[in-house]
Amino acid sequence: MSDSISSAEQPIAPAKNQAHLSFGGPIGAFAMMTLLPAITIYLWASVHLHGGAFVWPSREFFGALPAPSASALAWIVGFIAFQGLLDVVLPGREYTGAPQRDGRRRTYRLNGFASLLVTLAVLAVLLRTGTLHGASAVALLGPLLVTSILLAYGFGAFLYVYGRRDPSYEAPHLRGISRVAYDYFMGTGLNPRIGRVDLKMFMESKVAMTGWLVLTLLMAHAEYEKTGTLSLAMALVCLFQAFYTFDFFWFEEAMLSTWDINHENYGFMLCFAFLTWMPFNFSLQSQYLVYADPQLSLPAVIGLVTLNFGGYYIFRSSNLQKHRFRSAPGTKIWGRDPDYIETQRGTCLLASGWWGLARHANYLGDLMMALAWCMTCGVSHLAPYFYFIYFTPLLIDRERRDDKHCARKYGADWERYRARVKWRILPFVY
């Protein structure tokens, strides 16, 4: 469990030329670089052109697809530049991250919560003064989506060249175009920086997370402009996703121990995820609700609120248990001293609390919240459920990749941990 090691671990030089291929290697990289953008455009068309229904692509379907535009480019670049300005000028707290895959520990200045508040205040002013309208955002959403995809391809090329200069770069056992494609997709650098700004963390938090919430709120404003009121389903989606985003930035330092930051190179895969996949696909529920109004009964509302905040409790409390164990190993968990396994590397694997029930119980909480967001949209169409449909295999794959990583890292000690904590995500089921 790479996310639950103690903070006492010392940096270890990475083994060169030992990179392991992921996602099916070069063929998988080629396929995903084509398929992921196509899926995102198809989902936009399903919601905005067909009311959330999945339809077979036809000539008329392709003829109605959006094109990039100069105005869309201006909005995206302006938003990123504004977030960059806030990152530089707002005060922040200094944190040192966990030892990363390349053995280094990097310093970060975190001011995401203040940045989010300023962003939402500016958004409120723009909407209040009529400078920006939800209906205009809906109309521009297609061009914004396609433009963001093109930007992801371009930024991925920059990251490929930039990362090749990093001394920690590990070349895959590939040659020619296969090597270039795989490196371009997975990335060649772990944490590229411009000055003190960590590009990966900045794009994931300030651009992807903030952009996601901004789009959700714009969709809510579009519904209000259209109907003169805010539906109960839309209100729940906004509540759930705003709470999640505020919580994310309130515990922003927890990002410093995540898989993305410490193990995943920054290439097209994450670049596309931050610029396109997260803001546009994670806000599909609010996009769908601009056109649909599922009637939610009181028991349904109570069930959705319970599912969402029950999932949040599991997600947040499990991550805090891990974080406190790493920063203050003697902290009690559920009123007891923490149980753990000492490894030959001199580190400790937490086996208490949620981490004693499943190796990634935090993923269970994530999935519960995801399902609650989707279920606000009723059961008429699958498009608003895409987040949960995609998120489930993603977390299963990530858990299995983490398991393989830890097996290589800890050897027999990891086998002892597996024997003690048998379940991967859902206790007594999986």
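The paragraphs below set out a description of the structure included in this document. (Residues numbered from 1 in each chain as written. Predicted model: local features only at pLDDT ≥ 70, side-chain atom pairs only at ≥ 80, totals over all residues. Heavy atoms only, no water.)

Within the chain, the secondary structure is distributed over 16 helices and 6 strands. The C-alpha atoms of the chain give 22 Å as radius of gyration, which agrees with the globular expectation for 430 residues (22 Å, within 12%). Its C-alpha atoms give the chain principal-axis dimensions of about 60 × 55 × 45 Å. Considering only contacts within the chain whose residues lie at least 6 apart along the sequence, 79% involve residues at least 24 apart. (Helix = DSSP H or I, 4+ residues; strand = E, 2+ residues; numbered from the N terminus. Rg over C-alpha atoms; globule rule 2.2 N^0.38 Å. Contact = heavy atoms within 4.5 Å.)

Our focus in this paragraph is the packing of aromatic side chains. Enumeration according to the criterion identifies 38 aromatic pairs in this entry. Between the aromatic rings of Trp212 and Phe282, the centroid separation amounts to 5.2 Å while the plane-to-plane angle is 80 degrees, which identifies the pairing as edge-to-face. On the criterion of sequence distance, the pair formed by Trp212 in helix 7 (residues 199-227) and Phe282 in the loop between helix 10 (268-281) and helix 11 (284-289) is long-range, its members being 70 residues apart. Of the two residues, Trp212 and Phe282, both sit in the buried class. Judged by centre distance (5.0 Å) and plane angle (90 degrees), the rings of Phe248 and Phe249 are edge-to-face. The side chain of Arg193 reaches across the aromatic face of Tyr108, ending 4.8 Å from its centre. The residue whose ring lies beneath Arg345 is Tyr410, and the NZ or CZ to ring-centre distance is 5.9 Å. (Phe/Tyr/Trp six-rings, centres within 6.5 Å; stacked < 30°, edge-to-face > 60°. Buried < 20%, exposed > 50% of the residue type's maximum accessible area, 1.4 Å probe, protein only. Lys NZ or Arg CZ within 6 Å of the ring centre and 35° of its normal.)

Bringing helix 10 into the picture now. One full turn of an α-helix is made of 3.6 residues, so residues set three or four places apart face in the same direction. With 14 residues, helix 10 ought to run about 20 Å at 1.5 Å a step, yet its terminal C-alpha atoms sit only 17 Å apart, falling short of that. The buried fraction of helix 10 amounts to 14 of the 14 residues, a majority that puts the element mostly inside the structure. (Expected span 1.5 Å × (residues − 1).)

Even without glycine at this site, Trp334 takes up a positive phi of about 55 degrees. Mapped onto the elements of the fold, Trp334 is located in the loop between helix 12 (298-327) and strand 5 (340-342). Taking the relative accessible area as the measure of exposure, Trp334 reaches 49% and is therefore partly exposed. Phi at Phe428 is positive, roughly 70 degrees, even though this residue is not glycine. As for its position among the elements, Phe428 is in the segment after helix 16 (412-420).

Nonpolar side chains collect at one region of the surface, where Phe30, Ile177 and Val180 lie side by side and expose about 280 Å² of accessible area between them. With respect to the element layout, Val180 can be found in helix 6 (residues 176-186). (Patch = residues over 30% accessible without salt bridge, like charges linked within 9 Å, V, L, I, M, F, W, Y side chains within 5 Å. Areas by Shrake-Rupley, 256 points an atom, 1.4 Å probe, with all protein chains shown as cover. Salt bridge = Lys/Arg side-chain N within 4 Å of Asp/Glu carboxyl O.)

Let's shift gears to the packing of helix 5 (residues 134-164) against helix 10. Relative to each other, helix 5 and helix 10 sit at 165 degrees, their axes nearing to 8 Å. Taken together, the axis directions place helix 5 and helix 10 in an arrangement best described as roughly antiparallel. Where helix 5 crosses over helix 10, the two elements pack in a sense that is right-handed. Contact residues: Leu141, Leu144, Leu145, Ser148, Ile149, Leu151, Ala152, Tyr153, Phe155, Gly156 and Leu159 in helix 5; Phe268, Cys271, Phe272, Leu275, Thr276 and Phe280 in helix 10. (Axes fitted to C-alpha atoms, helices over the stretch in contact; angles between N-to-C directions. Parallel < 35°, antiparallel > 145°, perpendicular 65-115°, else oblique. Left-handed = near helix turned anticlockwise from the far one by under 90°.)

Below, the discussion takes up the pattern of salt bridges. Under the criterion given, the structure shown has 15 salt bridges. Asp260 is the salt-bridge partner of Arg398, the closest N and O atoms lying 2.9 Å from each other. Residue Arg398 is located in helix 15 (residues 386-410), and its partner Asp260 is located in helix 9 (residues 259-262); the two are separated by 138 residues in the primary sequence. On the accessibility criterion, Arg398 (18% relative accessible area) is buried. When its relative accessible area of 9% is taken as the criterion, Asp260 is described as buried.

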